[in-house]
Amino acid sequence: MNYDLSAVLILILPLISFIGLSLFGKRIKPELSGLIGSVVLVATAVLSLFVAYGYFFDFGKLDGAYVKHIAFQFSWLQFNENLSIDLGLVLDPISVMMLLVITFVSAMVHIYSMNYMHGEERFTMYYAYLSLFTFSMLGLVVSVNLFQMYMFWELVGVSSFLLIGFYFTKPSAIAAAKKAFIVTRFADLGFLIGILMLSFGAKTLDFFVLIERLTATGSPYLAGFTSTTFMGLSTLSWALLLVFAGGAGKSAMFPLHIWLPDAMEGPTPVSALIHAATMVVAGVFLVARLFHVFAVSAPDALSIIAYIGAFTAMFAAVIACTQTDIKRVLAYSTISQIAFMMFALGVAGWGEGQNEGFTASMFHLFTHAFFKALLFLGAGAVIHAVHSNEMKDMGGLRKALPITHVTFLLACLAIAGIPPFAGFFSKEAILSSAFEHNKIIFYVGLITSGITAFYMFRLYFRIFWNKAPHADGHNHEGHTWSMNIPLIILSLGAVFAGLIPFGSFISADGKAIELPFHLMFSIAPVLIGVTAILLAWALYGKKSELPAKLSASIAFLYQSAYHKFYIDEIYLFVTKKILFNLIGRPAAWFDRTIVNGMINATASGTVSVSESIKGMQSGRLQTYAMFFLGGILMLAALLVIKFM
Amino acid sequence: MNILSLLILIPLVTAIGILISKKDQTIKLIALLGSVTQLGVAIWTTLLYMSLRKAGATGDMLFQSTIKWFSPLHIFFSTGVDGISLTMILLTAMVVVAGILVSWKIVFQVKEFFFLIVFLSLGAFGFFISTDLFMLFFFLELAVIPKYLLIGIWGSGKKEYSAMKLALMLMFGSALVFLGIVGLYYASAAFGVPTWNLQQLSHLKLPIETQRVLYILLFTGFGVFTALFPFHTWAPDGHSSAPTAASMFLAGISMKLGGYGCLRVATYLLPDAARELSWIFIILASIMIIYGAFATMMQKDLKYMNAYSSVSHCGFVILGIAMLTKAAIMGAVMQMVSHGIMTALFFAAIGMIYDRAHTRQADELGGMLKQVPFIGTAFIIAGLTSLGLPGFSGFVSEMTIFVGAWEQTGIFYRVATILACASIVVTAVYILRAIGLAIWGSIQNKEHLKFKDASWSERTASILLIAGVVFIGVFPFWLIQLIQNDSITIFNKIYSAAFAI
C-alpha cells in the first residue's frame, strides 16, 4: 500500500467520521456511533504506525538525514502573486511523531469513552466532536503553510470549546468553554499579526520556503527583516515572539495559562486527549516547526521563550502542590511539563552539539503524552467510582480499583523521573541540555522536577492510601473493560517509551544525534525525586494532621498558591472592569445617546423648523396678498437703489 | 433576448402573479417558485459567465446590452455584469429564497408582504446589473421604499419610529449619491457628450478637484447603506423592528448595495481621489469595526446584537475597499457575500426563536440547543461564521482583507489593520456570550418547554444558507476565480497613471 495515500487517509478518516456522525448520528444507536468512532481511530492509528515505519525506515532518509516529504499540496486561497494558503500534508520527523501520538492517544480515548460516557444524552455528538478534534489536530501537525496551521489551530480551538462545553447546561462548563476560547483567541491575535509580519517580510507563507529565506546567510529577506529594531529586538524577533504568543496561549504558558485548569470542566477523557496529550503541545510544536528560524536568526527571542518556560514550569508546579481537585492538580502538572518542553527548546541552538535540547523537547512531548493521558484516564476511573473530583472524597482506593491503582502508580513514577520509566529519560535529556547552555534554567528545572515528584505522589497517596481501604473490598472495576484496556496499553507506553533511541529519529536538522546521558549527572535529579516521594509519603501516606500544620506555618505562601497567585482575579478585573465597564458600556451608551441623539436631533430640528415656517402656507388669500405686495415693494426698492 | 433581462423579468412576473392571485397559499407558492427560478437563472448566468471567460472573453463586463430610455438626458437602460456583480446577484437570489421560506407562517396581509419582498428583490437585482448610473440610482431607490412599509406594517416594537428613521437616513444617503452621479454626469460633459455610463465614465480623467468632492459625496452616500459611522444608527433600530425576512434583506442585501456602490462607483470612477482621500474611510472603517464590536458586546437583545455586529463586519468591507490593494478589494467582495449569507442565517435563527419565545432578550432565553436543537445549531453555525472560524466563509474573507491591508506599508495602515485584527477577539467574546446565554444553559421559562423545532420551510432556508457559508468556506478558490480578475481590473484602474480618453 502506498504511503502517501495512507497519510492522506489518516487525515480524511476522522473527518468522514465527524461528518457522518454529526449528520446521520440521530438515525443510529449511540453504542454504534461509539463503535464507529473507535474503529475509525484504531484504523488511523494503525495507518500512522505504517506511515511512521515507512518514513523512518524506508523513504524518509536522504544522504543520512531525514528530510521532509510532501504527500500532497494544493493552493487553496490565493491572496496575491506571492501569498497563498496552501493545504497540504508534510511528513518529516516531528510531524510523523505527532501523527503517532495523536492517533494513538485519540484511539485510546475513543475506546475508553465508550464506557465512561455511556448513557450520556449526546453520546453521538461527543464522538463527532472527538473526531473533529482529531482531524483538526492532525491537520495542524502536517501543515505545509503558516496559514494552514493557523486554520487548523482555530479548528482545534473550537473543537476544544465544544468539548469543554459538552455539559452545556452547567453554568461552570459554559464559563470554562468561553474562557478557554477567548483566552486562546486573544493569544491567536498575536499569532495572526505575527503571520502577517512574517509573510510580509518573507513574501511567502510556505513553511519551508519561509524557513529557508529567513535562515540563509545573506538572504535579502532576512536583511530587510533584521535591519530595523524596536526596543532592542529586531522586527523578526518581534514577529516570531508574536507567533510564539499564539503558541503560549494554546500551550498555557504564563500568563496565558488561566484557561487550562478551568477546561477540566469537560469530560475527563477529553481532558486526557486535548488538554494533556495533544492540543496543549501545539505551541511547542509551533516553536519546533520554526525552530531553525528561531535558533539562527532570532536567538534573543528563543532565550525569552526559555525564561518564560522555566518560570511557568516552577510556577505551575507550586500551584499544583496546593490544589485539591485531582483534575486541577493534573492540569497544573500539564502546564508545568509543557513548560519543560518549551524551555528545552529555548536553551537549544542550531548546529551540532547545540541542538540536543530540540530532541529532548520532542522526546518529552512523546513520553509525556503517554503518562499524562494515562494519569487523566486513571483519574477518570477514580472519578467514575467515587463521583467526585475532590481529594477529600477519596483515599484508600487501592483495593477497589486495582488496575487503576497500578497503572496510576506507573504513570506517577514516570512523571517523577524515576528510572527506568519513560519520563526519566526525557527529563534527563532536558536537564542535561539545560545544564550545558543555561545554569539558571537548569537549577529551576531541577527544583521543579523535585516539586513534580512531590505533588504527583501527594496525589497518588491521597487517592489510593491515606485512609484504610474500603472494608467491603468491593471491586469497582467490574464491567469496564473498555476503560481498563486503554489504561494497560498506555501504561506500557509510560514504562517503555523512554527506551526508544529518540535521537536517531528526531533532531533539529534531521541528522541522528546522541542524546547526552551520564550516569553521574542523573544522580542528583533522581535523588531529589526520591526524597520528594518520601516526603509525600510522610505527609500523606496516612491520615495525619501534619499537612494542615505545615500549610498553616507557611500560610501566606500556601494561600497564594492555593488561589493560583490571584492571576484569575487580575484577569477578571481587566475584562469585567476595564473592557466591559470602561470600553463596552461607554461605547454602547455613546452610540445610543450621542450619535443616535444627533441623528434624532437633526430630525426633530427639521420638524421644528417646518413647524415654525408652516404658517407661511396658510391658504389664506389675504396673507398671500400681503407677501405679494411686500415682495413687489422690496423689488421696487431694490430697483430704485440700483438705478439711483 | 439578453439573459440579464431575465433577472428583472422574473421578479416582475412574480410580483404580478402575486397581485392577481387570491389565495394565500397560492401567493406563497408563486413567490417561492419565482425566487427559486431566479436563483436557478442566477446560477446559470454565473456558469455561463465562467465558461465565456474560460473561452477567452475579454471586456470588463459581459452580457452587455443597451436600450435607449430617455435620450434628452442620455439615460440608457444599459446592463452588464462582471464577476463581482454576479457574486452579489447570487447572494441576493439566495437570501430572497431563504427570506421567503422563513416567512411561510405569515398570516397578516400575505399578498402585500410577499409583493413587497419580491419588489425589493427587483430593486436589488436591477441595481447589480445596471451599468448606467441613472438606472443604478433608480433601482437603489426602488429598494428603499418597500423597507419602510415592511417595517412599518409587519414590524415589532417601536416600528413606526424605526421605519421612519431608516427610510429618512437611507434617503439622505440616496440624496448624496444622487448629487454625486449628477456631478459625474455634468463633469463628463467637458469631454463631449455627457454620459451616465459606468464604462464610459471610467475612461475619463476628471480634474482632481471635481473628483475629491464627488468621491466624498458618493462614498458617504453609499456608505450610509453600509452603516458607515456615524450614519449607522438606522441599522440597530431598523433591524430590530423589522420582521425576520426584512432583517435578512436589510443586512444581507441592502447593506451590500452600499458596499458595491462604494467600490464600483465611488472608488472605480474616481481613482485619483480614492488614492488621496481613502484614509478618511479607513479611519471610519476602523471605528466601525472596533467600536461596533464593543457596542455589540453590551447588547442583550439578540437582534440588536446582530445589528451592531453587522456594523462591525461591514466595517471590514469599507476597510477592504479603502485599503486599495488587490487582496483587500477581493476580500471586501468576499466579505460582502460572506456577511450577507451569514447575517441572513443569524437573523433567520433569531427570528425562529422570537416566533416561539416572543422575546429576544438573551438572558430570558437559554437551553435552546436542548429544546430546539436544529435552530440552536443554526444559531451556533452563524455565530461561528461570524467569529471567523475556518471552514466557514467569514474566515476566508477576513483573512483576505487582513493580508491585503497588510500590503499597505506605513504606520497608519498598520494601526488600522491591527485594530481590525483585534476585533476578532471582541467578536469571539460577544458571540460566545450570546451562545452561552441563549443557546446553551438550561430552560428558564416553563413555557419554553413547549417549543417545537424548526418546520420544513425554516429548515430548508437554514440549510440553504449554511450550505452557502460552508461552500465558500471550504472552496474559496471557486469564488476567487470568479472575482479575482475584476478585483485586479479595479486595482489597475486605481493605480494606472495614463488614462485614455
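Our next topic: the overall build of chain B. Assigned secondary structure in chain B consists of 20 helices and 2 strands. Taken over C-alpha atoms, the radius of gyration comes to 21 Å for chain B, in line with the 23 Å a tight globule of 501 residues would show. Each principal axis of the C-alpha atoms in chain B carries an extent, and together these give about 70 × 60 × 45 Å. Burial analysis of chain B (501 residues in total) assigns 62% to the buried set. Taking the contacts inside chain B whose residues are at least 6 apart along the sequence as the reference set, 80% of them involve residues at least 24 apart.

Time to look at the overall build of chain A. A tally of helices and strands in chain A yields 25 helices and 6 strands. Each principal axis of the C-alpha distribution contributes one length, and for chain A these read about 120 × 65 × 60 Å. Sequence-distant contacts, at least 24 apart, represent 79% of the contacts inside chain A between residues at least 6 apart.

To continue, consider the interface of chain B and chain A. The interface of chain B with chain A comprises 39 residues on the first partner and 36 residues on the second. For the side of chain B that touches chain A, the secondary structure elements donating two or more residues are helix 7 (159-188), helix 12 (271-297), helix 14 (326-357), helix 15 (368-371), helix 17 (393-406), helix 18 (411-439) and helix 20 (476-495) of chain B. Ranked by the residues each element gives to the side of chain B that touches chain A, the list is headed by helix 18 of chain B, at 9 residues. For the side of chain B that touches chain A, the residue count by class is 29 nonpolar, 8 polar and 2 charged.

Grouped together as the largest cluster of nonpolar side chains are 424 residues, with contacts concentrated most on Ala373(A), Ile318(B) and Leu319(B). For this core, the element with the most residues is helix 14 of chain B, which contributes 20 residues. Excluding its chain neighbours within four sequence positions, the residues that come into contact with Ala373(A) are Val105(A), Met108(A), Ala272(A), Ala276(A), Ala277(A) and Leu490(A).

A separate point is the environment of Gly64(A). Residue and element names in this part refer to chain A. In this fold, Gly-64 is placed in the loop between strand 1 (61-62) and strand 2 (65-66). Judged by the 8 C-beta atoms lying within 10 Å of it, Gly-64 falls in the exposed class. Counting along the chain gives 447 residues from Gly-64 to Lys-511, while the straight-line C-alpha distance between them is 6.7 Å.

For the rest of this paragraph, the subject is the confidence of the model for chain A. Looking at chain A, the pLDDT average stands at 85 and 97% of residues meet or exceed 70. When mean pLDDT is compared element by element in chain A, helix 12 (residues 282-289) of chain A scores highest at 92, while helix 22 (residues 546-553) of chain A scores lowest at 75.

Turning our eyes to something else, we now look at helix 17 (residues 402-416) of chain A. Every α-helix winds through 3.6 residues per turn, so residues three or four apart in the chain are directed the same way. Residue and element names in this part refer to chain A. Its 15 residues give helix 17 an end-to-end C-alpha distance of 21 Å, which sits within 8% of 21 Å, the value for a rise of 1.5 Å per residue. Within helix 17, 11 of the 15 residues are buried, which leaves it mostly tucked inside the rest of the structure. Buried residues belonging to helix 17 abut helix 16 (356-386), helix 18 (422-437), helix 19 (439-464), helix 20 (481-496) and helix 21 (519-540). At the exit of helix 17 stands Gly-417, carrying a positive phi of roughly 80°.

All names here are of chain A. By the criterion of burial, strand 4 (residues 84-91) is predominantly enclosed, with 6 of the 8 residues buried. As paired strands, strand 3 (residues 69-78) and strand 4 are joined by 8 bridges and run antiparallel to one another. Paired with Gln-73 across the two strands is Gly-88, which belongs to strand 4. Linking strand 3 to strand 4, which pair antiparallel, is a turn of 5 residues.

Axis angle and axis distance: for two packed helices, these are the angle between their axes and the distance between the axes, and together they describe the pair. Residue and element names in this part refer to chain B. Where helix 17 meets helix 19 (residues 456-474), the closest approach of the two axes is 6 Å, and the angle between their N-to-C directions is 45°. Judged on the interaxial angle alone, helix 19 and helix 17 are oblique. Judged by residue contacts, Ser-393, Phe-395 and Val-396 of helix 17 engage Val-469, Ile-472 and Gly-473 from helix 19. Across the contact of helix 17 with helix 19, the residue classes tally to 4 nonpolar, 2 polar and no charged.

Attention now moves to the environment of Phe346(B). Residue and element names in this part refer to chain B. Topologically, Phe-346 is positioned in helix 14. Look at Phe-346 and you get buried, because 32 C-beta atoms sit within 10 Å. The sequence separation of Phe-346 and Leu-302 amounts to 44 residues, and the corresponding C-alpha distance is 9.4 Å.

Another point: the environment of Lys452(B). The residue Lys452(B) is located in the loop between helix 18 and helix 19 in this model. Sequence separation between Lys452(B) and Val317(B) is 135 residues, and the spatial gap between their C-alpha atoms is 37 Å.

Our focus in this paragraph is the packing of helix 14 of chain B against helix 16 (residues 373-386) of chain B. Residues and elements named next belong to chain B. In the contact formed by helix 14 and helix 16, the axes pass within 9 Å of each other and the chain directions differ by 150°. When the axis of helix 14 is compared with that of helix 16, the two are roughly antiparallel. Helix 14 and helix 16 meet at a crossing whose hand is left-handed. Each of Met-342, Leu-345, Phe-346, Ala-349, Met-352 and Ile-353 in helix 14 lies in contact with helix 16, whose residues at this interface are Ile-375, Ala-378, Phe-379, Ala-382, Thr-385 and Ser-386. Across the contact of helix 14 with helix 16, the residue classes break down as 10 nonpolar, 2 polar and no charged.

This brings us to unusual backbone geometry. Residue and element names in this part refer to chain A. Residues Phe-254 and Pro-255 are joined by a peptide bond in cis, for which omega reads 0°. Mapped onto the fold, Pro-255 is located in the loop between helix 9 (235-250) and helix 10 (259-262). Residue Pro-420 is reached from Pro-419 by a cis peptide bond, and omega for that bond is 5°. Looking at where Pro-420 falls in the secondary structure, it is placed in the loop between helix 17 and helix 18.

Criteria and thresholds
- Within any chain, residue numbers begin from 1 and follow the written order of that chain's sequence.
- All chains are assigned letters beginning with A, and all ligands numbers beginning with 1, in the order in which they are written.
- In keeping with the predicted nature of the model, local features appear solely for residues at pLDDT of at least 70, side-chain atom pairs appear and are counted solely at 80 or more, and the whole-chain, interface and lining totals rest on all residues.
- Helix and strand definitions here come from DSSP, where helices need a minimum of 4 consecutive H or I residues and strands a minimum of 2 consecutive E residues; each element is numbered from the N-terminal end.
- Radius of gyration here uses only the C-alpha atoms, and the compact-globule reference equals 2.2 Å multiplied by the residue count raised to the power 0.38.
- Comment: burial labels come from other C-beta atoms within 10 Å of the residue's own C-beta, placed from the backbone, where a count of 20 or more is buried, 12 or fewer is exposed, and between is partly exposed.
- In this description, any two residues whose backbone-derived C-beta atoms lie within 7 Å of each other are considered to be in contact.
- Note on residue classes: Ala, Val, Leu, Ile, Met, Phe, Trp, Tyr, Cys and Pro are nonpolar, Asp, Glu, Lys and Arg are charged, and everything else, Gly too, is polar.
- Each nonpolar core comprises buried Ala, Val, Leu, Ile, Met, Phe, Trp, Tyr and Cys residues, the members being joined through C-beta atoms within 7 Å.
- Per-residue confidence from the predictor is reported as pLDDT, a score between 0 and 100.
- What a helix is expected to span follows from its residue count: subtract one and scale by 1.5 Å.
- A strand pair is defined by DSSP finding two or more bridges across the two strands.
- In this analysis, axes come from line fits to C-alpha atoms, helices being fitted only over the stretch in contact, and the angle between any two N-to-C directions falls in the range 0 to 180 degrees.
- Should an angle fall under 35 degrees it is called roughly parallel, over 145 degrees roughly antiparallel, and 65 to 115 degrees roughly perpendicular, with every other angle called oblique.
- For any helix crossing, the convention is left-handed if the near helix is rotated counterclockwise from the far helix by under a right angle, and right-handed if that rotation is clockwise.

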